[in-house]
Amino acid sequence: MIVQIRSKDITLREEKKSHIERGIEKFKKFSLDITRVNCMLSPEKGGVLVEFEIHVAHTAPIIISEHHQDLDAAIDVAVDRVNKALRRLHDKVTDHKGPSIKELEPLDA
């Protein structure tokens, strides 16, 4: 997984960068083939905009944007929204139903 964190007109300190990286580490629990994660931070009127772009193999990219006054709060809310989107994708991809009785073949003993 390639992780790219960019900030536009914001000085990104090491503790903020590690906060984002800890959030991105949570994305691995869904066992999806995540190829790239782009995180873009930019100042907006009245706060900051955090945008995650997650590329998962064989699907369209997931793009989550969150605007908030506080940078830490924006990161936390965006990470939660990405986790929710990845959980939904994981549930869609995973087949929770086993084969039906009609599809099973009898064993010759």
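Everything that follows concerns the structure shown earlier in this document.
Please read these numbers as outputs of a predicted model, since none were measured by experiment.

Cut-off values and rules
Residues numbered from 1 in each chain as written. Predicted model: local features only at pLDDT ≥ 70, side-chain atom pairs only at ≥ 80, totals over all residues. Heavy atoms only, no water. Pairing = 2+ DSSP bridges. Helix = DSSP H or I, 4+ residues; strand = E, 2+ residues; numbered from the N terminus. Axes fitted to C-alpha atoms, helices over the stretch in contact; angles between N-to-C directions. Contact = heavy atoms within 4.5 Å. Core = buried A, V, L, I, M, F, W, Y, C linked by side-chain atoms within 4.5 Å. Buried < 20%, exposed > 50% of the residue type's maximum accessible area, 1.4 Å probe, protein only.

### Quick notes on the pairing of strand β4 (residues 62-68)
Remark: a regular strand shows side chains that alternate across the two faces of the sheet. Sheet analysis places strand β3 (residues 47-56) next to β4, joined by 7 bridges and oriented antiparallel. Each bridged residue has a counterpart across the sheet, and for L49 the counterpart in β4 is H67.

### Observations concerning the sheet that holds strand β2 (residues 34-44)
In space, the 4 strands of this open sheet follow the order β1-β2-β3-β4, with mixed pairing throughout. Edge positions in the open sheet fall to β1 (2-7) and β4, since each of these has one partner strand only. Taking the axes of each pair of neighbouring strands and ignoring which way they run, one obtains an average angle of 10 degrees across the sheet. Its contacts with the sheet place helix α1 (residues 14-25) against β1, β2 and β3, and it is angled at close to 145 degrees to β1.

### Re the nonpolar core
Grouped together as the largest cluster of nonpolar side chains are 25 residues, with contacts concentrated most on I20, F27, I34, V50, F52, I54 and L86. Elements that contribute at least two residues to this core include exactly α1, β2, β3, β4 and α2 (71-93). Those residues in contact with I20, other than ones at most four positions away along the chain, are I5, C39, L41, F52 and I75.

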